[in-house]
Every structure is written in C-alpha cells, then in structure tokens.
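Examining the three-dimensional arrangement
As a plain string of letters, each chain reads:
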Amino acid sequence: MKSERIRVSKEFTFDMAHALFNYDGPCKNIHGHTYRLQVTIIGYPNQDPQNPKQGMVIDFGQLKYLVVKQIINKYDHALVLNEQVVATMGTNFSNISDKIIFVPYQPTCENLMLNIKNELAILLETEGYQLQAIRLYETPSSWAEWNLADD
C-alpha cells in the first residue's frame, strides 16, 4: 500500500481569563472564555508491521499528553495579562489569582494562538512530528487559525 501524508487532529478545551490592556472596549475588563483548541499534525502513517503504532501518524494518546502537558495545564483557569499592566499599575496580583501569566503581548485570541503554535511546533518537532494547523476558538463563533500552507 502506497504511503500518503495524512492530517490528524485533536480538540481540547480550557477555561481562561484575560484582559486587553489599554483597549477601547469592554474587553479591557477581566473576563473569561471557554477556549477550544484544535491541533493538526501532518505526516506519513507508520508502515512497520512490527510496530504497535502501525497505521498511525501519531497516537492520539501521545498527542493528548503533549498538548495537555505543554498548553492546557499552563493556561487552564489562568488569568493572562499583558506585562505592561504591572509596569503601569504596580499592583500585587496575588490577591486576584494564584495562576497569573504575564505575556509580552496583548493577549488577544490571535496572539495567544500564535504563541501556542510556536510552543507546540518546537515540542512536536523534537518528538518527530510536524504541526500542520492550529485553530483557537475564543467563542463558539470566533476563532484565529494558522496553517503551515499559509507560511
């Protein structure tokens, strides 16, 4: 049987709060979303008949393990803020939450998705896999996405 490249995807959900620093709308206030993250890997299925993973591009369990370890555990139930908030307000944020992530960018859906893409691309490459696409839903009808074909 001829081997062809195949895309496999897995979807994850996590709850996260954020606020957009110096924004001119209601998203300047701390608010949360239930994010949906779709991760797509591209590759050739394993053709080794002696390998227990024969026929798989990646074991879905391994993909789940890698994404949960690198992304979901980090962002789930976290408050993500632009690091400029600290410089401007100088507030002790430990009173608000014990899981705050300060990032060097505005934590929009687009920027979060790119950050997640960059983290996963490096991790998956070290494991021998190629990231094909990422889609991050901030709401059921709003998302940002990246695809290798667009680069």
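What comes next concerns the included structure.

Scoring rules and cut-offs
- Residues numbered from 1 in each chain as written.
- Predicted model: local features only at pLDDT ≥ 70, side-chain atom pairs only at ≥ 80, totals over all residues.
- Heavy atoms only, no water.
- Helix = DSSP H or I, 4+ residues; strand = E, 2+ residues; numbered from the N terminus.
- Buried < 20%, exposed > 50% of the residue type's maximum accessible area, 1.4 Å probe, protein only.
- Contact = heavy atoms within 4.5 Å.
- Areas by Shrake-Rupley, 256 points an atom, 1.4 Å probe, with all protein chains shown as cover.
- Lys, Arg positive; Asp, Glu negative; His and termini not counted.
- Charge placed at Lys NZ, Arg CZ, Asp CG, Glu CD.
- Polar contact = N/O pair within 3.5 Å; in protein donor to acceptor, adjacent residues only side chain to side chain.
- Axes fitted to C-alpha atoms, helices over the stretch in contact; angles between N-to-C directions.
- Parallel < 35°, antiparallel > 145°, perpendicular 65-115°, else oblique.
- Left-handed = near helix turned anticlockwise from the far one by under 90°.
- Nonpolar A, V, L, I, M, F, W, Y, C, P; charged D, E, K, R; others polar.
- Pairing = 2+ DSSP bridges.

Brief notes about the overall build of the chain
- A count of helices and strands for the chain gives 3 helices and 6 strands.
- For the chain, the N- to C-terminal ordering of α and β elements is β-β-α-β-α-β-α-β-β.
- With the C-alpha coordinates aligned to their principal axes, the bounding extent of the chain is approximately 60 × 30 × 25 Å.
- Relative to its 151 residues, the chain shows a buried fraction of 39%.
- Sequence-distant contacts in the chain: of pairs separated by 6 or more residues, those separated by 24 or more amount to 61%.
- Here the chain has roughly 8900 Å² of accessible surface; of this, 49% comes from carbon and sulfur atoms.
- Looking at charge distribution, the chain has the averaged site of its 13 positive side-chain charges lying 4 Å from that of its 17 negative ones.

Describing the environment of threonine 40
- Along the chain, threonine 40 turns up in strand E2 (residues 31-43).
- Take threonine 40: its relative accessible area is 11%, and that puts it in the buried class.
- Separated by 95 residues in sequence, threonine 40 and arginine 135 have C-alpha atoms that sit 8.7 Å apart.
- When sequence neighbours within four positions are dropped, the list of residues in contact with threonine 40 reads Arg7, Val8, Ser9, Gln130, Leu131, Gln132 and Ala133.
- Of note is the side chain of threonine 40, whose polar atom sits 2.6 Å from the side chain of serine 9.

Focus: the side chain of glutamate 138
- Mapped onto the elements, glutamate 138 comes out in strand E5 (residues 130-139).
- Setting aside residues no more than four positions away along its own chain, glutamate 138 makes contact with His18, His33, Thr34, Tyr35, Cys109 and Trp143.

Some points on the packing of helix H1 (residues 60-75) against helix H3 (residues 109-126)
- Two elements in contact, H1 and H3, have axes whose closest approach is 11 Å; the angle formed by their N-to-C orientations is 140°. As far as their axial angle goes, H3 and H1 are oblique. Helix-helix and strand crossings are classified by hand; for H1 and H3 the assignment is right-handed. Together, Leu63, Leu66, Val67, Gln70, Ile71, Lys74 and Tyr75 of H1 and Leu112, Asn115, Ile116, Glu119, Leu120, Leu123 and Leu124 of H3 make up the contact between the two elements.
- Split by residue class, the contact of H1 with H3 holds 10 nonpolar, 2 polar and 2 charged.

Details of the sheet that holds E2
- Taken together, 6 strands build an open sheet; the order of strands is E4-E3-E1-E2-E5-E6 and the sheet is mixed. Sheet topology places strand E4 (100-103) and strand E6 (142-147) at the edges, where each strand pairs with a single neighbour. Strand-to-strand twist across the sheet, computed as the mean angle between neighbouring axes with direction ignored, equals 30°.
- Strand direction decides the pairing type here: E2 and E5, joined by 7 bridges, are antiparallel. Its bridge partner being in E5, arginine 36 is matched across the sheet by tyrosine 137.

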